Amino acid sequence: MIKSIPYISPSKFYYWKKCPLKAVFFYEYKNTQFFPRHPDADIGNVIHNFYENRYKWKITNEKIFSRKWNELITKLNKEYKNSNLQSRYFPVQWYSNFYSVKKQLLKKYLLSSAKRKKSHTNIKNEEWIKDDKNTIAGKADLLIYNNYGIITEIADFKTGKIFEKENNKLKIRKAYKTQLALYAKIIIDKQQSKPITLIIDISGKKHPVEITSDEIDKTYNEAKELKHSINTALLKNKVSELANPDNENCFMCNYRPVCVAYKQKFMNFPINNNIDICGKVLISNTNLIKIENEQGVFQIVNFRENITLNNKNICVYNLYFPDMGNKILYAQNNTIVKYE
Ligand code: SF4
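All residue numbers here refer to positions counted from 1 along the written sequence of the relevant chain. Side-chain atom pairs in this predicted model are given and counted only at pLDDT of 80 or more, local residue features only at pLDDT of at least 70, and totals for whole chains, interfaces and linings cover all residues. The basis for every side-chain value is the complete set of heavy atoms in the structure, and neither hydrogens nor water enter the calculation.

The next point concerns helix α7 (residues 174-191). Between the first and last C-alpha of α7 there are 26 Å, a value that for 18 residues agrees with the 26 Å anticipated at 1.5 Å per step. Exposure classes here rest on a 1.4 Å probe applied to the protein chains alone. A residue is buried below 20% of its type maximum, exposed above 50%, and partly exposed in between. Helix and strand definitions follow DSSP, with helices as H or I runs of at least four residues and strands as E runs of at least two, each counted in order from the N terminus. Among the 18 residues of α7, 14 are classified as buried, and the element is accordingly described as predominantly covered. Of the residues one or two after α7, Q192 is the one with positive phi, at around 65°. To estimate how far a helix should extend, the number of its residues minus one is multiplied by 1.5 Å.

Among the secondary structure elements, N231 is positioned in helix α8 (residues 213-235). N231 gets classed as buried once you look at its relative accessible area, which sits at 18%. Two N or O atoms form a polar contact when they lie within 3.5 Å of each other; inside protein one atom must be a possible hydrogen donor and the other a possible acceptor, and for residues adjacent in sequence the pair counts only when both atoms belong to side chains. Reaching out from N231, the side chain makes a polar contact with the backbone nitrogen of I5 at a distance of 2.7 Å. With residues up to four places along the chain from it excluded, the contact list for N231 reads S4 and I5. The contact definition used throughout considers only heavy atoms, calling two residues in contact when any of these lie within 4.5 Å.

Here the focus is the side chain of E153. As for its placement among the helices and strands, E153 is situated in strand β3 (residues 151-157). For E153, a relative accessible area of 19% corresponds to the buried category. A distance of 3.3 Å separates a polar atom in the side chain of E153 from a polar atom in the side chain of K206. Ignoring any residue separated from it by four or fewer positions in sequence, one finds E153 in contact with L142, L143, I144, P195, I196, L198 and K206.

Mapped onto the fold, N274 is located in strand β8 (residues 274-285). Apart from the residues lying within four places of it in its own chain, the contact partners of N274 are F251, M252, R256, F269, N318, L319 and Q332.

This part takes up empty space enclosed by the protein. Think of a 1 Å grid over the protein atoms and nothing else: a 1.4 Å probe that fits but is trapped marks a cavity, an open set flanked by protein within 12 Å on at least five of seven lines marks a pocket, and residues with an atom within 4 Å of a point count as lining. Grid points are joined across faces, edges and corners, and a volume is the space filled by probe spheres set on the points. Summed over all chains, the structure comprises two cavities of 30 Å³ or more. Of the voids in this model, the largest cavity is the one considered here, and its volume is about 90 Å³. What lines the largest cavity is a set of 15 residues, and nearest its centre among them are C19, L21, C250, C253 and C259. For the lining of the largest cavity, the secondary-structure elements that each account for two or more residues are α2 (21-28), α9 (247-250) and α10 (260-266). Per-element accounting of the lining of the largest cavity gives the leading share, three residues, to α2. Looking at the lining of the largest cavity, its residues break down into 11 nonpolar, two polar and two charged. Taken as a whole, the second largest cavity spans an internal volume of roughly 50 Å³. Forming the walls of the second largest cavity are C250, F251, M252, R256, Y262, I271, N274, I275 and D276. Here the lining of the second largest cavity gets three residues from one element, more than from any other, and that element is β8. Its residues assigned to classes, the lining of the second largest cavity shows six nonpolar, one polar and two charged. The nonpolar class holds Ala, Val, Leu, Ile, Met, Phe, Trp, Tyr, Cys and Pro. Asp, Glu, Lys and Arg form the charged class, and all remaining residues, Gly among them, are polar.

What follows is the structure, given as structure tokens:
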């Protein structure tokens, strides 16, 4: 187990505050991929890459854009094809939601902004920033400087949904607002002036995010306290006390296979029609397996993996559980098996 966490990540702070154990697992399992990634995440990274390197790659016309796009997608597909976890999503063009729409929106934005020939000399992308006390650190997507070296704007690119409903009104997602508040805090401490905080969506549209100085300070203090409490728990060997297993936090959490708190509370029980089960394999045929555990016998249909009947326990993650009245589960694209 790691001895301490080095920083609170601004982009993850919102989620770590809800379950601090996620922060420990984030650093502990940095290089472990537990579940297949949905291609939307990787297409999001490709888009990020374009925003970051558009001047370096000289994306000024359709031909250059298409050549670069195809190069990156071909590279991604090659990785998917050679990976046990990712090959189920090969080719990414088939599985990424709104693949062509995303590509078109990006192209339209990049080519129209290239035409406007805006100065980009005062722009920095993917800049690593941290506070002096080593509490928070992360890569800011976009920083805009004025001629005196003062950061006037800070923006984060988001390729997914950027709004959520609050009291029947659409607002920028809280996770994004806290992320920008922490970036703003780092910058304010260095230059004594507050930058404009923005989210840029996939079509290149800028959405200003209003954050007061009080909100910035409050968020920073919370991040400081969170880091302190996590590192105190690590020091005292009380990591399990950091877990906060509940439906919202644990649903699709990447650390379920290594999380004891999750297994104790949710293994073999559904969250939002999704269930992970562990048990002994009774029958394994093409397309169907039966697993027995203390909740009874579950049937899994559409199962693609070959399971050997060796009396060992297996755990199957990401099954669809449409009807609580029976124990018929459906394997999905992201269903995986772990042997105990
Ligand atoms: S599975 Fe639940 S309890 Fe475990 S780290 Fe994830 S959110 Fe926290």
